[in-house]
Amino acid sequence: MKQILLAYLLACLFGIAILSVMSYGHGPGYVYLYWREWQIQTTFWFLAAMLALTSLVMQMIWYATKRYLSREQRKHETVFSFARLHPYEQLAVVWLLNAAQDQRNFIQQSFNTSGLLKYIIEARLSWGQQQYSEALQALNQSNPMAFELAELQRIEIYLSQQDGQQALTHLEFLNQHELSPWLNQVKTAYEQRLNSLWGQFALQFPWLYLRSTKYGHLDQKVKKSWLEQLLADYDQASEEDLKYLQQRYLDLKPQLFTRDYEVNLLWLKLLFKMPEMSAEHESLAMQLLEQQFNQDVFYLWFQQQLLRQAPDYSYIAEQIALWENKYMTLPILTFAKWHVLRATGHTEEAEQLLDLYPDDIRMGYLRIKSVLQDREDLLQQLHKVFESNVNFIEIRI
């Protein structure tokens, strides 16, 4: 359609130029048409314009009719060969079947004439076959106008090569790069793709992600997976990694309570592993327990209090009393209170608590422990058996 309009425009301009030269000094000309009882008298210029317009209208009607008939015919046509499909239909089939590698030659031929995407597509296909060097070479020849697309593909290649430092460098650059105007219409999809690569990078290189200068790219699901990865790999972290982790928490601290509760719980478990962050750990635990009572959060807070060189049992007892008033009495709070009373020498009061919650496994453990208090060997066996139970006071990190 566009080609037809351009052709008519050029023909009209050429015709106007010729008529202008031929009419110079002779006027616009005169035409008289007589057929039966019909008579038309007009200028030659008007007649030429009407003929051109009529021709254009007929051409458009013919083009529209041809497209309609062709479309209707294709609806009922039996397809016997992939090659007989329209090019856009072939590309759609390849996309739907994720058959880019099987139809590599066809895809390359389809984009060979594209000055913008030829090398991007070539790199993508090479990456799919794990030919990373060839893919990077193709990207080096890509059109500068497709810079962002080339960078996204380059990052994906570095991630496949497990080259975290290069991936981080290019991710950081794209993060502060202003998007090319021609991509503004697909800006949302571009940002989603970039954030997806950030998520992939964070899960592949959880400690290296802490060194990024900007953050906030991860959605809740990926963020939780990243924090879980940090917890799982904590023992392999270097001192420098831990410093970056501490700084990241301090940077995020003002925003934490606008985030998901589960994310904050994972941060709490990380802080528990860092004695130098004990103040931040206690502050976060207290705020989470103010929002809602969570057994894991209480375990972490209680164990941190007991691990101090000189536990402040009066402070612990006061806090337990506050939570009992707020959340009603819970078996886990009674369990903790028993330990506090025993540690402070209030043995009789502690023994009275043993009559509470006969069906609770923790209180059952305390009752058995109280009976076996003179049998150290049996107490050790009891402790070992009880700790293996998932409902024990074990810190599930």
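Model, not experiment: these values are computed from the prediction.

Observations regarding the overall build of the protein
Here comes step 1: The secondary structure content of the protein amounts to 20 helices and two strands.
Here comes step 2: Relative to its 397 residues, the protein shows a buried fraction of 35%.
Here comes step 3: Summarising the internal contacts of the protein: among those between residues at least 6 apart in sequence, 52% fall at separations of at least 24.
Here comes step 4: For the protein, the exposed surface amounts to about 24,900 Å²; the carbon and sulfur share of it is 56%.

Brief notes about helix H1 (residues 2–23)
Here comes step 1: In this model, H1 (22 residues) spans 31 Å end to end at C-alpha, consistent with the 32 Å of a helix rising 1.5 Å per residue.
Here comes step 2: When we look at burial in H1, the residues that qualify are Ile4, Tyr8, Leu19 and Ser23. Projected down its long axis, H1 carries its buried residues within an arc of 55 degrees, all on one side. Summarising the geometry of H1, the exposed residues directed more than 90 degrees from the buried face are Lys2, Gln3, Leu10, Leu13, Phe14 and Val21.

A word on the pattern of salt bridges
Here comes step 1: Here the structure, examined in full by the defined rule, presents nine salt bridges.
Here comes step 2: Salt-bridge contacts for Glu156 lead to Arg124; the nearest nitrogen and oxygen are separated by 2.8 Å. Within this pair, whereas Glu156 is found in helix H7 (residues 147–160), its partner Arg124 is found in helix H5 (residues 118–128), the two being separated by 32 residues in sequence.
Here comes step 3: Since its relative accessible area comes to 36%, Arg124 is described here as partly exposed.
Here comes step 4: As a salt-bridge pair, Arg308 and Glu282 come within 2.7 Å of each other at their nearest N and O atoms.

A look at the nonpolar core
Here comes step 1: Formed by 84 residues in total, the largest nonpolar core has its most connected members in Phe201, Trp226, Leu245, Trp267 and Phe298.
Here comes step 2: It is helix H13 (residues 261–272) that contributes the most residues to this core, nine residues altogether.

What to know about helix H15 (residues 295–306)
What sets the pattern is the α-helix's 3.6 residues per turn: residues three or four places apart point alike.
Here comes step 1: The first and last C-alpha atoms of H15 sit 16 Å apart over 12 residues, in line with the 16 Å expected at 1.5 Å per residue.
Here comes step 2: With nine of 12 residues buried, H15 lies mostly within the body of the structure.
Here comes step 3: Listing the buried residues of H15 in full gives Asp296, Val297, Phe298, Tyr299, Leu300, Trp301, Phe302, Gln304 and Gln305.
Here comes step 4: The elements touched by buried residues of H15 are H13, helix H14 (278–291), helix H16 (313–327), helix H17 (331–343) and helix H19 (361–371).
Here comes step 5: The N-capping residue of H15, defined by a side-chain oxygen 2.9 Å from the backbone nitrogen of Asp296, is Asn294.

Observations regarding the pairing of strand E2 (residues 38–42)
Here comes step 1: Sheet analysis places strand E1 (residues 31–35) next to E2, joined by five bridges and oriented antiparallel. The residue of E2 that forms the bridge with Tyr34 is Gln39.
Here comes step 2: Joining the antiparallel neighbours E1 and E2 is a turn of two residues, in which Arg36 adopts a positive phi near 50 degrees.

Structural notes on the packing of aromatic side chains
Here comes step 1: Counted according to the given criterion, the structure contains 16 aromatic pairs.
Here comes step 2: When the centroid spacing of 6.1 Å and the interplanar angle of 85 degrees are considered together, the rings of Trp198 and Phe201 count as edge-to-face. Note that Trp198 and Phe201 are positioned in helix H9 (residues 187–204) at a spacing of three residues, about one turn of the helix.
Here comes step 3: The exposure class assigned to Phe201 is buried, which follows from its relative accessible area of 0%.
Here comes step 4: Ring centres of Trp226 and Trp267 lie 6.3 Å apart, and the angle between their planes is 80 degrees; on these two criteria the pair is classed as edge-to-face.

Focus on unusual backbone geometry
Here comes step 1: Phi at Gln130 takes a positive value of approximately 60 degrees, unusual for a residue other than glycine.
Here comes step 2: Looking at the secondary structure, you find Gln130 in the loop between H5 and helix H6 (132–140).
Here comes step 3: Of note, the phi angle at Gln162 is positive, near 60 degrees, even though the residue is not glycine.
Here comes step 4: Checked against the element boundaries, Gln162 lands in the loop between H7 and helix H8 (164–176).
Here comes step 5: The class of Gln162 is exposed, set by a relative accessible area of 52%.

Concerning the packing of H6 against H7
Here comes step 1: Between H6 and H7, the shortest axis-to-axis distance is 10 Å and the interhelical angle comes to 160 degrees. Here H7 runs roughly antiparallel to H6, going by the angle between their axes. As for how H6 packs across H7, the hand of that crossing is left-handed. Residues Tyr132, Ala135, Leu136, Leu139 and Asn140 of H6 lie in contact with H7, whose contacting residues are Ala150, Gln153, Arg154, Ile157, Tyr158 and Ser160.
Here comes step 2: Considered class by class, the residues forming the contact of H6 with H7 number seven nonpolar, three polar and one charged.

Concerning the confidence of the model for the protein
Do not read the predicted coordinates in detail wherever pLDDT is low.
Here comes step 1: Across the protein, pLDDT averages 83, with 88% of residues at or above 70.
Here comes step 2: Of the regions scoring below 50 in pLDDT, residues 393–397 engages in 17 contacts with residues more than four places distant in sequence or in other chains.

The rules behind each value
- Residues numbered from 1 in each chain as written.
- Predicted model: local features only at pLDDT ≥ 70, side-chain atom pairs only at ≥ 80, totals over all residues.
- Heavy atoms only, no water.
- Helix = DSSP H or I, 4+ residues; strand = E, 2+ residues; numbered from the N terminus.
- Buried < 20%, exposed > 50% of the residue type's maximum accessible area, 1.4 Å probe, protein only.
- Contact = heavy atoms within 4.5 Å.
- Areas by Shrake-Rupley, 256 points an atom, 1.4 Å probe, with all protein chains shown as cover.
- Expected span 1.5 Å × (residues − 1).
- Arc of directions from axis to C-beta.
- Salt bridge = Lys/Arg side-chain N within 4 Å of Asp/Glu carboxyl O.
- Core = buried A, V, L, I, M, F, W, Y, C linked by side-chain atoms within 4.5 Å.
- Polar contact = N/O pair within 3.5 Å; in protein donor to acceptor, adjacent residues only side chain to side chain.
- Pairing = 2+ DSSP bridges.
- Phe/Tyr/Trp six-rings, centres within 6.5 Å; stacked < 30°, edge-to-face > 60°.
- Axes fitted to C-alpha atoms, helices over the stretch in contact; angles between N-to-C directions.
- Parallel < 35°, antiparallel > 145°, perpendicular 65-115°, else oblique.
- Left-handed = near helix turned anticlockwise from the far one by under 90°.
- Nonpolar A, V, L, I, M, F, W, Y, C, P; charged D, E, K, R; others polar.
- pLDDT = per-residue confidence, 0-100.

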